[in-house]
Amino acid sequence: MKSIRVVAAIIKDKDKILATKRSYGEFKGGWEFPGGKIEEGEDKKTALIREIKEELNANIEIDSYFATIDYTYPNFHMIMDCYICNIDDFVINEEIHDEAKWLTKDELDSVNWLAADEKIVNKLKIYLSSKIAVSACLLGDNCRYNGKNNYNEEIEHLLKDKEVYKICPEILTGLSIPRKPVEIKDNKVITQDNEDMTEIFLHGVDMAWEKLKDKNIDLAILKANSPTCGSKTIYDGTFSHTLVEGNGLFAKLLKDNKIMVISEKDIE
């Protein structure tokens, strides 16, 4: 399989990021961060400056390295180095892109990103946020039901210079560590022996919300698949490691209060 190395510009203007829509080829209609292949003999920054001149008829100022994405499409493998950049003005080259938009954090999901670029989007949600709630287990606290943690080094790195609020609704229930695992079934939180723990867990969720509700949180990074913190998918209540669409109790509460929620899976 062919492998290519590309560079991409994450062009920032205050709280907005520039997205461009591909106007040609296999990925026509998909949204991406402008950039392209590194030519033989070029270094990454030289390639990026050239690509932006070709695509946006503009000169960019490269501010800092942001992330590297490793992604395999059906026909080729791609490594994409991404840089935070600034730009004064631009005019899109319609042979490459036929539309451009400035997107806020809350608008990042409003366009159909190409698959590799989508891996950058959730990292940008962290970059564009200032006050972030994080599942304590993801930062190394031994608060899981089995007494262990889910420490995530990349999350800790992305949270540098952010105002971080560690939270674990399950610990706030007052239950012990370790404790019985629970899952959600028929809107109830149950143990494997069918003990109903719903009220206890709702109490923990309410206590967690009391700690956060006046903090002006603009993003939450919560543990995937958890009955309290899971977003998008949770375990189905059969204790068979089967996932279904749904949100944990705490994730749902945050979403109901218009707080964006992502998981560690979203930035892998």
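Residues numbered from 1 in each chain as written. Predicted model: local features only at pLDDT ≥ 70, side-chain atom pairs only at ≥ 80, totals over all residues. Heavy atoms only, no water.

A. Examining the overall build of the protein more closely. On a plain count of helices and strands, the protein comes out with six helices and 15 strands. Projecting the C-alpha coordinates of the protein onto the three principal axes gives extents of approximately 65 × 40 × 30 Å. Taking all contacts inside the protein whose residues are at least 6 apart in sequence as the whole, residues at least 24 apart take part in 66%. By element, 45% of the accessible surface of the protein is carried by carbon and sulfur atoms, the whole surface being about 13800 Å². Averaging the positions of the 37 positive and the 49 negative side-chain charges in the protein gives two centres separated by 3 Å. (Helix = DSSP H or I, 4+ residues; strand = E, 2+ residues; numbered from the N terminus. Contact = heavy atoms within 4.5 Å. Areas by Shrake-Rupley, 256 points an atom, 1.4 Å probe, with all protein chains shown as cover. Lys, Arg positive; Asp, Glu negative; His and termini not counted. Charge placed at Lys NZ, Arg CZ, Asp CG, Glu CD.)

B. Seen up close, the sheet that holds strand 12 (residues 219-222). Across the sheet, four strands lie side by side as 9-8-12-15; this open sheet has parallel pairing. Each edge of the open sheet carries a strand with a single partner, namely strand 9 (163-167) and strand 15 (261-263). Neighbour to neighbour, the strand axes of the sheet diverge by 25 degrees on average, direction disregarded. Note that strand 12 and strand 15 share three bridges and pair parallel. Opposite Ile221, over in strand 15, you have Ile262 as the bridge partner. Sheet contacts for helix 6 (residues 249-256): strand 9, strand 12 and strand 15; angle to strand 12, the most-contacted strand, approximately 165 degrees. (Pairing = 2+ DSSP bridges. Axes fitted to C-alpha atoms, helices over the stretch in contact; angles between N-to-C directions.)

C. Geometry of the packing of aromatic side chains. Summed over all chains, the structure comprises eight aromatic pairs. For the pair Tyr73 and Phe76, a centre-to-centre distance of 5.1 Å together with 35 degrees between the ring planes defines the contact as tilted. A single burial state applies to Tyr73 and to Phe76, both of which are buried. In this structure an aromatic cluster arises from ring pairing among Phe27, Tyr71, Tyr73 and Phe76. (Phe/Tyr/Trp six-rings, centres within 6.5 Å; stacked < 30°, edge-to-face > 60°. Buried < 20%, exposed > 50% of the residue type's maximum accessible area, 1.4 Å probe, protein only.)

D. Main features of the side chain of Ser129. As for its placement among the helices and strands, Ser129 is situated in the loop between helix 2 (115-127) and strand 8 (131-135). On the basis of relative accessibility, which here comes to 3%, the residue Ser129 falls in the buried class. At 2.6 Å, the side chain of Ser129 and the backbone oxygen of Lys125 are in polar contact. (Polar contact = N/O pair within 3.5 Å; in protein donor to acceptor, adjacent residues only side chain to side chain.)

E. Focus on helix 6. For helix 6, the complete set of buried residues consists of Phe250, Ala251 and Leu254. End-on, the buried residues of helix 6 take up no more than an arc of 100 degrees, which puts them together on one face. (Arc of directions from axis to C-beta.)

F. Expanded view of the nonpolar core. Counting 28 residues, the largest nonpolar core has Ile10, Phe33, Met78, Met80, Trp113, Ile120 and Leu124 as the members making the most contacts within it. Where this core is concerned, the elements lending two or more residues are strand 1 (2-13), strand 2 (16-22), strand 5 (60-72), strand 6 (76-87) and helix 2. Sequence-distant contacts of Leu124, defined by excluding residues within four places in its chain, comprise Ile10, Ile17, Phe33, Phe66 and Leu108. Of all hydrophobic cores here, the second largest spans 17 residues; its members include Cys143, Ile155, Leu158 and Ile262. (Core = buried A, V, L, I, M, F, W, Y, C linked by side-chain atoms within 4.5 Å.)

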